[in-house]
Amino acid sequence: DLQYLEAGTDHGRPRRVISEEEEIDRRCLFEKKQVTLVERYQSEIEAECVKEVDDDAPDLWRRHVMKYGDLEACNLTLEERNKLEAFTQKRQEILRRRVREEIEAKLEEHDLVFQPSKPFLRVLVGNRNHESGDTSAYVTIWEPTKEQLDKIHPGRIIRMGNLGVKDNKFQGLLQLSANSR
């Protein structure tokens, strides 16, 4: 079964190996915390960004749109209307970007940037060699692809290359490591 090495550490707590269900629960809880924080700060951040962007707006914008509320209420020449419409589009893009940046900064400030756990598959493998006898080891495949997961079944013979050898043993057996390539 696919397992996950929990991402990061939580206040000095060591990383743990968790199941796929635990990873989904962890992600859902994290997303709820993010939504709560965003809801708390969204209007404040938007107001700050609007003020910041509008302070840098062209004079024409401040004279007409900020005074009357929209372009329709203004008595403008075609050239002025085109300039204001262009700035209005640019302003919306700037506001979306600034709000997104500020929300991301708030999430980072509150340590709410999700770090997904790293999936892995640990498989007990054996080597049948008539000269050296049967040997066993654990192979850990980090971030396995769907194709790899589909090929690995009990009793199936698979040839692997370029495996890394870990310094320590796992449950008394040699540990080998592979990535998804």
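Structure shown above.
Residues numbered from 1 in each chain as written. Predicted model: local features only at pLDDT ≥ 70, side-chain atom pairs only at ≥ 80, totals over all residues. Heavy atoms only, no water.

## Quick look at the pattern of salt bridges
This model, assessed by the stated rule, comprises 14 salt bridges. Glu 23 is the salt-bridge partner of Arg 26, the closest N and O atoms lying 3.0 Å from each other. You can see Arg 26 and its partner Glu 23 sitting in helix H1 (residues 20-55), three residues apart, about one turn around the helix. Glu 23 gets classed as buried once you look at its relative accessible area, which sits at 5%. Salt bridges here are not isolated pairs; linked through shared partners, they connect Glu 52, Arg 97, Arg 98, Glu 101 and Glu 102. (Salt bridge = Lys/Arg side-chain N within 4 Å of Asp/Glu carboxyl O. Helix = DSSP H or I, 4+ residues; strand = E, 2+ residues; numbered from the N terminus. Buried < 20%, exposed > 50% of the residue type's maximum accessible area, 1.4 Å probe, protein only.)

## Focus on the environment of Leu 95
Within the element layout of this structure, Leu 95 appears in helix H3 (residues 78-109). For the pair Leu 95 and Cys 49, spaced 46 residues apart in sequence, the C-alpha to C-alpha distance is 6.4 Å. Among all residues touching Leu 95, those that are not within four sequence positions of it are Cys 49, Val 50 and Val 53. (Contact = heavy atoms within 4.5 Å.)

## Details of unusual backbone geometry
Here the phi dihedral of Asp 111 falls at roughly 55°; this positive angle occurs in a residue that is not glycine. Along the chain, the position of Asp 111 falls in the loop between H3 and strand E3 (118-129). Take Asp 111: its relative accessible area is 62%, and that puts it in the exposed class. The backbone phi angle of Glu 143 is positive, close to 50°, even though this residue is not glycine.

## Some words on the side chain of Arg 98
In this fold, Arg 98 is placed in helix H3. With a relative accessible area of 16%, Arg 98 lands in the buried category. A polar contact of 3.1 Å, which involves the side chain of Arg 98, links it to the side chain of Glu 101. Discounting chain neighbours no more than four positions away, the residues touching Arg 98 are Cys 49 and Glu 52. (Polar contact = N/O pair within 3.5 Å; in protein donor to acceptor, adjacent residues only side chain to side chain.)

## Description of the nonpolar core
Looking at soluble globular proteins, one finds that nonpolar side chains tend to be buried together. Ranked by size, the top nonpolar core spans twelve residues in total: Phe 30, Leu 37, Tyr 41, Ile 45, Cys 49, Val 53, Leu 95, Val 99, Ile 103, Leu 107, Leu 112 and Phe 114. Mapped by element, the contributors of at least two residues to this core are H1 and H3. Of all the elements, H1 adds the most residues to this core, at six residues. In this view, Val 53 contacts Arg 91, Ile 94 and Leu 95; residues no more than four positions away in its chain are not counted. (Core = buried A, V, L, I, M, F, W, Y, C linked by side-chain atoms within 4.5 Å.)

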